[in-house]
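Here is how the chains run, residue by residue.
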Amino acid sequence: MRALEITGSGEPCGARLNPNVDRAYANTARWARDQGLLSSDVDLTGPRQESKAGVSGSPPRPEDVPDTVRCASGRRAPEAVGPAVGPTGPGVPASGIRDQVLLAAWTHPDVPGPELSLIACFGVWLDAVRHHLRRHRQATTAERYVAKLRAHLAGPPGGSDPRGAADPVERGLCDLRARVAPSWRWQLDTALIDLLRGQAAESAGSVVSRVPNPIDHLELGRGPGPGPWAARLVAYGLRTTLPAEVTGVAAFRAVHNAFCDVVLLRAPSGAAPEGTERSGSVVVLQRHFGQSRPLAMAMLGDLQARRSQRFDELTSAELPALLVGCRDEAQRETVLRYVQGLRDWLAGMLAWRPNSAAAEVEAATRPAPARQRTANRVRLPDFFMPFDTHPNPALETTRRHTRAWAQQHGLLDGGGPERAPRQWTPAGFDAADYALLAALTEPDADEAELALAADRQAWSWRADDHLIASDGGADFLSRLPQLLRPDSRAAGAPWERALTDVWRRTTAGLDSRPRREIAVRLAEMLELRAAELGAAEAADPLELLASRRRTCGGELTAALLRHRHAPGIPAELFATAPMRTMATTFAEVGALRHDLFRYRAGPGGAHSVPDVVTAVAAFLGCGPHQAVAIADDMCTARLRRFESITHRELPAVIEEFALTAAARARLERYVRGLQQWMAGELRWISVTGRYASTGDRSRRARRAFGRPGFPRQRFLRRAPG
């Protein structure tokens, strides 16, 4: 297989131009004219700009031939296809059609002619959608328009009726759906729906001047962004259907994520002015690093080079793992063709945009930034926290109970032959104050519930410290299923005896189904934590955050709160997209908070503990102050997303399921419990002795209350506006 390498001459190795480019250009131009997608009266026989990337094997461009009769492959341009429509129609200029055909021809070199024309037409259509959204600068207008397009995608399998189209964009979509092979129509429809959702979000963000941080920008690119759509077009053009055994493994996700990152970082922004190379990624780096446009473009070149090299490393190193899941030689050949298609796409993108190739060549020669291994002397920001809480009145009683419970179960004496960590001496235990954490996160619990919550917190922190000290705790994890049995009386290490007691009290009033769910989430939390600690290399920050929301206990806590505060509510309600997003943002807020304070405190021993802030610094090549600011912005964005769901989306979910007044009150208690937990955890983590090096106590005390958010109001009331 050819390797995608950025050589010293700026030539992307292996890029080829599809020989069907001329026919695809004529067909695409004719299709755009017939659908009314041309916005300028330009002769379509004009030049298609040749790539100047210097790709080996591409024909040289004769200097003595006028541009007006030459196409990108060195041959004479096709015949005229007719006059263009006037500038009043919604669409793209004729130069945009040439660009999209060239992009399709460079990135899909082995695709047959009809499929190449269809891919180019999709590019022209998406360009028309971006132009249309750019003209309508109101977020609600963009969302309504995208919703209309998505309604066409949800139409009959044979394609929507073009007679119901209101404009050329809708008419073009109906025609494209009818041209897609029936066996692939559902897959392309799904990918296109996600891409349109991303286009609407980008348009809405530009209206409210909300620029995401670089990590969230990449997360959007891996979901409703151009990367998954490009990967789906690669599979469609090559007619490769990947087996589920391959798409479900971690190696495939890593390759796919690296590909999506490179596609997003090289893609021009839909909101950029015409004729510029300013991409959405440049705007993101400018805003969050405070850099000028040239410096932001240099940073973008660095990031593009690192992600391109990472993609090349993964496609070489992880390819055996992808082939292991194949059942026969035919599936292995399918995987090889798909991976080669991704490589061809990235090489063709560099040939189509030679400026990107030159930037990556320059970036690849810069030395990598040195990683910081000592304590990080950075000042944490004043965190955003729109919710409030209050200490439980039974705090002092719970403090005495938790101290006695920890001593009774041997959590304070080291638990065996190893020496007790500093945090688990009597003084360290009192400084951590796990009872305060329970009192702030469970302010309305009775005395017994509060004691159980404090004991559960003490055990979870002790188990985490044991996993760190024992490099994963393989023996403990192997005995975990026996410890979670209802009749377990296992007598082993102190944390195992403490787990047996906490588990018995936690599941005393639960049915079998919620008990199984909590057991699965607890086992997942511990096993993923062991995998984090055993990772040999720095993790992708988004993949690490997806793991941290489980290993920090966020998803386990959300499940416990749901079964405690909202029993009897249909499980289908919690499976809806708003409720799943609410639980995810809740878990990620806690993970980011803990990692910020852990990063500020620095390494607490000989064992390295991964955190999102360090992963962000290594991923972006930025300094500690910038990494802390990005992690804080990630946390703030998730809190605002939580607010948006509770104010705008949750009422619609309640109406959809027609909840009674009692069920509505239980759901309100659940959401209020999540809010109090986030506020209480922030207060505790700001003053606890677990992170003793996180600044002076007065500043930590101020930080514990967070920056104010929305005015206090009932969470089910719709926000103004």
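Keep in mind that this is a model prediction, so the values were computed, not measured.

If you walk through the whole model with that rule in mind, you get 41 salt bridges. For R327, the salt bridge goes to E245, with nearest N and O atoms at 2.7 Å. With R327 in the loop between α13 (319-324) and α14 (329-352) and E245 in helix α9 (residues 244-247), the pair connects residues that are 82 residues apart, well separated along the chain. Among the ionic pairs, E524 bridges to R550, the shortest N-O distance being 3.5 Å. With a gap of 26 residues between them, E524 in helix α22 (residues 512-533) and R550 in helix α23 (residues 541-551) connect regions that are remote in the sequence. Judged by its relative accessible area of 23%, R550 falls in the partly exposed class.

In this section: the side chain of H565. For H565, the position within the fold is in helix α24 (residues 554-565). Not counting chain neighbours up to four residues away, the residues in contact with H565 comprise R666, R669 and Y670.

To continue, consider the packing of aromatic side chains. In total, this model carries 15 aromatic pairs according to the counting rule given. Ring geometry for F387 against F642: centres 5.7 Å apart, planes inclined by 70°, an arrangement best described as edge-to-face. Highlighted residues: F387 in the loop between α15 (354-364) and α16 (395-408) and F642 in helix α28 (residues 624-657), separated in sequence by 255 residues. In this structure F642 comes out as buried when scored by relative accessible area, which is 0%.

Another aspect to go through is unusual backbone geometry. Positive phi, close to 55°, is recorded for R239, a residue that is not glycine. Mapped onto the secondary structure, R239 falls in the loop between α8 (226-238) and α9. A positive phi angle is found at D433, which is not glycine, with a value near 60°. In this structure, D433 sits in the loop between α17 (426-432) and α18 (434-441).

The next subject is helix α21 (residues 494-506). The terminal C-alpha atoms of α21 lie 18 Å apart, and with 13 residues this matches the ideal 18 Å at 1.5 Å per residue to within 8%. Among the 13 residues in α21, 10 count as buried, and that is most of the element. All buried positions along α21 are accounted for by P494, W495, E496, A498, L499, T500, D501, V502, W503 and T506. Its buried side turned inward, α21 meets α16, α19 (447-469), α20 (474-483), α22 and α24.

Bringing the side chain of T688 into the picture now. Looking at the secondary structure, you find T688 in the loop between α29 (661-687) and α30 (697-703). Judged by its relative accessible area of 2%, T688 is buried. A polar atom in the side chain of T688 sits 2.8 Å from the backbone oxygen of A432. Polar contacts involving the side chain of T688 include one to the main-chain amide nitrogen of R690, which spans 3.2 Å.

Along the chain, P486 falls in the loop between α20 and α21. You can call P486 exposed: its relative accessible area is 68%. As a C-alpha pair, P486 and A508 span 22 residues in sequence and 9.2 Å in three-dimensional space.

Per-chain confidence: the chain averages 79 in pLDDT, with 75% of residues scoring 70 or above. Across residues 354-374, where pLDDT falls below 50, the model places 35 contacts with residues more than four positions away in sequence or in other chains. Within the model, the stretch residues 707-721 combines pLDDT values under 50 with 42 contacts to residues more than four positions away or in other chains.

Along the chain, P386 turns up in the loop between α15 and α16. We classify P386 as buried; its relative accessible area is 13%.

With 117 residues, the main nonpolar core has W459, F476, L522, L526, L620, L667 and Y670 as its most contacted residues. Per element, the largest residue contribution to this core is 12 residues, and it comes from α28. In terms of nonpolar packing, the next biggest core, distinct from the first, is built from 78 residues, A104, A105, A258 and L346 among them.

Next up on the list: the environment of L38. In this fold, L38 is placed in the loop between α1 (21-35) and α2 (94-107). What makes L38 buried here is its relative accessible area of 0%. On a C-alpha basis, the gap between L38 and A94 in space is 6.5 Å, while along the polypeptide they are 56 residues apart.

Cut-offs applied
- Residues numbered from 1 in each chain as written.
- Predicted model: local features only at pLDDT ≥ 70, side-chain atom pairs only at ≥ 80, totals over all residues.
- Heavy atoms only, no water.
- Salt bridge = Lys/Arg side-chain N within 4 Å of Asp/Glu carboxyl O.
- Helix = DSSP H or I, 4+ residues; strand = E, 2+ residues; numbered from the N terminus.
- Buried < 20%, exposed > 50% of the residue type's maximum accessible area, 1.4 Å probe, protein only.
- Contact = heavy atoms within 4.5 Å.
- Phe/Tyr/Trp six-rings, centres within 6.5 Å; stacked < 30°, edge-to-face > 60°.
- Expected span 1.5 Å × (residues − 1).
- Polar contact = N/O pair within 3.5 Å; in protein donor to acceptor, adjacent residues only side chain to side chain.
- pLDDT = per-residue confidence, 0-100.
- Core = buried A, V, L, I, M, F, W, Y, C linked by side-chain atoms within 4.5 Å.

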